[in-house]
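Residue-level listing of the chains:
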Amino acid sequence: MSGEQVLFWLFAITACAGAIGVVVNQIVVRMAVSLIVCLASVSALFFLHNADFVGAVQLMVYVGGTIILLIFGIMLTSSSPFSKIESSPAEGFLAAGIGALFLSIIAFTVTQVEWKQQAEKVAAVSPSASVQTGYNPASDGNTSRPLAMSFLGLRPDQGGNAPGYLLPFEVVSVHLLVVLIGAAYLARAKRRAASEA
Amino acid sequence: MDQIGLSPVLLVGAVLFVCGVVCMTTKRNGIGILMGVELVLNAANLNFVAFSRHTSLGLDGQVMALFVIVLAAAEAAVALAIALNFYNNHLTIDVDHGDELRG
């Protein structure tokens with residue numbers, strides 16, 4: 001087994017263990033720690049797939065931003081840090097059973113498709129559609145510059161008049177601004193009517 | 001990664017997705033439900049990046065993953081504001097107590 005395979009299986013197992021830890025834990029702070037482990041492992045998997053920019057953004061935004069936000073929410077909404085909301089064991093068995101069924105459906109669907117054969121069929125019919133453009137796995141990363149140019153609207157790898165992602169980029173920027181203003185307004189400190197009476 | 005192929009990564013994404021859905025449906029803590037949503041979105045991101053690497057999807061898969069990360073962050077902010085308002089109104093974060101259709 002090469003080093004890449006060892007690393008892949010290591011991070012795959014920690015990602016799955018973290019995800020199962022989020023479901024199994026009843027104490028919400030431990031769920032948050034398990035989610036941090038899972039998201040950091042997913043970021044490592046991104047790096048292994050030569051998506052270096054997406055992996056770095058995942059670490060910065062998800063692990064370093066969204067989880068911190070969730071921990072703020074936990075601290076603001078719980079009466080004690082280790083508060084548990086109990087659920088009966090019967091619910092746990094039912095949820096585990098349905099989850100296992102759902103996982104078996106998805107796993108069967110995924111493993112039954114021969115991805116390489118499908119790619120060869122596509123390449124036989126239209127060779128231009130099977131060429132991977134945008135980034136070259138042989139260059140081991142370096143996706144920051146092609147991604148940045150595509151967000152500016154340029155796709156030099158595809159040539160011609162291939163549209164970039166400038167419009168979605170601008171829309172998402174305005175969307176973020178509007179959403180954060182709305183969330184700040186929603187979560188402002190309000191005076192409770194009962195305390196004024 | 002060519003030795004591993006596409007299916008093992010998709011299986012990891014499947015496990016994350018099922019854990020997120022079970023988390024969304026069974027947790028009574030409102031923040032726990034938000035964590036399930038984050039798991040589902042990360043499973044989709046993993047699928048996008050895997051297909052970007054192994055098929056002819058190329059850079060477009062990574063652009064989609066970046067947009068998903070941005071939108072998930074925005075949605076987490078709003079969902080947290082909703083959870084805070086719920087806690088202010090009901091004095092508990094247990095979503096089973098939100099069973100009346102009035103404030």
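Refer to the structure printed above.
Here the structure is a predicted model, which is why all the values come from computation and not from measurement.

What counts, and at which threshold
For every chain, the first residue of the written sequence is number 1, and numbering continues from 1 along that sequence. Naming scheme: in the order in which they are written, chains are lettered from A and ligands are numbered from 1. It should be noted that, the model being predicted, local features are given only for residues of pLDDT at least 70 and side-chain atom pairs only at 80 or more, the latter also being counted only at that level, while totals for whole chains, interfaces and linings use all residues. Counting from the N terminus, the helices are DSSP H or I runs at least four residues long and the strands are E runs at least two residues long. Backbone-placed C-beta atoms define the burial measure: a residue is buried with 20 or more other C-beta atoms within 10 Å of its own, exposed with 12 or fewer, and partly exposed in between. Residues are scored as being in contact if the C-beta atoms we place from backbone atoms lie within 7 Å. Atoms considered for the radius of gyration are the C-alpha atoms alone. The globule rule reads 2.2 Å times the number of residues to the power 0.38. Each nonpolar core reported here comprises buried Ala, Val, Leu, Ile, Met, Phe, Trp, Tyr and Cys residues connected via C-beta atoms within 7 Å. A fitted line through C-alpha atoms represents every axis, and for helices the fit uses only the stretch in contact; the resulting angles, taken between N-to-C directions, go from 0 to 180 degrees. Every angle not falling under 35 degrees, over 145, or within 65 to 115 is termed oblique; those three ranges are roughly parallel, roughly antiparallel and roughly perpendicular. Just so you know the grouping, Ala, Val, Leu, Ile, Met, Phe, Trp, Tyr, Cys and Pro go in nonpolar, Asp, Glu, Lys and Arg go in charged, and all remaining residues, Gly too, go in polar.

### Re the overall build of chain A
So, step 1. Looking only at helices and strands, chain A features eight helices and zero strands.
So, step 2. Start at the N end of chain A and walk to the C end: the helices and strands fall as α-α-α-α-α-α-α-α.
So, step 3. Scored against the burial criterion, the 197 residues of chain A give a buried share of 23%.
So, step 4. At a minimum sequence separation of 6, the contacts of chain A that also span at least 24 residues come to 43%.

### Some thoughts on the overall build of chain B
So, step 1. Per the secondary structure count, chain B includes three helices and zero strands.
So, step 2. Each helix (α) and strand (β) of chain B, taken in turn from the N terminus, gives the series α-α-α.
So, step 3. At 17 Å, chain B has a C-alpha radius of gyration far larger than the 13 Å of a compact globule built from 103 residues.
So, step 4. The C-alpha extent of chain B, read off along each of the three principal axes, is 55 × 25 × 20 Å.
So, step 5. Buried positions account for 54% of the 103 residues belonging to chain B.
So, step 6. Considering only residue pairs separated by 6 or more positions, chain B has 47% of its internal contacts joining residues 24 or more positions apart.

### Some thoughts on the nonpolar core
So, step 1. A:Ala15, A:Val22, B:Leu16, B:Cys19, B:Met35 and B:Leu46 are the most contacted members of the largest nonpolar core, which has 66 residues in total.
So, step 2. Elements with a minimum of two residues in this core: α1 (3-24), α2 (28-48) and α3 (52-77) of chain A together with α1 (7-26), α2 (30-54) and α3 (59-90) of chain B.
So, step 3. No other element matches the 14 residues that α3(B) contributes to this core.
So, step 4. When sequence neighbours within four positions are dropped, the list of residues in contact with B:Cys19 reads A:Ala19, A:Ile20, A:Val22, A:Val23 and B:Leu39.

### Observations concerning the interface of chain A and chain B
Buried accessible area, meaning the area lost when the parts come together, often serves as the stated size of an interface.
So, step 1. With 73 residues of chain A at the interface, the matching set in chain B holds 61 residues.
So, step 2. Mapped onto the side of chain A that touches chain B, the elements with two or more residues apiece are α1, α2, α3, α4 (89-112), α5 (115-125), α6 (144-151) and α7 (166-186) of chain A.
So, step 3. Ranked by residue count, the leading element in the side of chain A that touches chain B is α3(A), at 13 residues.

### Quick notes on the packing of α2(A) against α2(B)
Two packed helices can be described by the angle between their axes and the distance between those axes.
So, step 1. It is at 11 Å that the axes of α2(A) and α2(B) come closest, and there the two elements cross at 10 degrees. Looking at the two axes, α2(A) sits roughly parallel to α2(B). Only B:Ile31, B:Gly32, B:Met35, B:Glu38, B:Asn42, B:Leu46 and B:Val49 of α2(B) make contact with α2(A), whose side of the interface consists of A:Val28, A:Met31, A:Leu35, A:Leu39, A:Val42, A:Leu45 and A:Phe46.
So, step 2. When grouped by side-chain class, the residues that make up the contact of α2(A) with α2(B) number eleven nonpolar, two polar and one charged.

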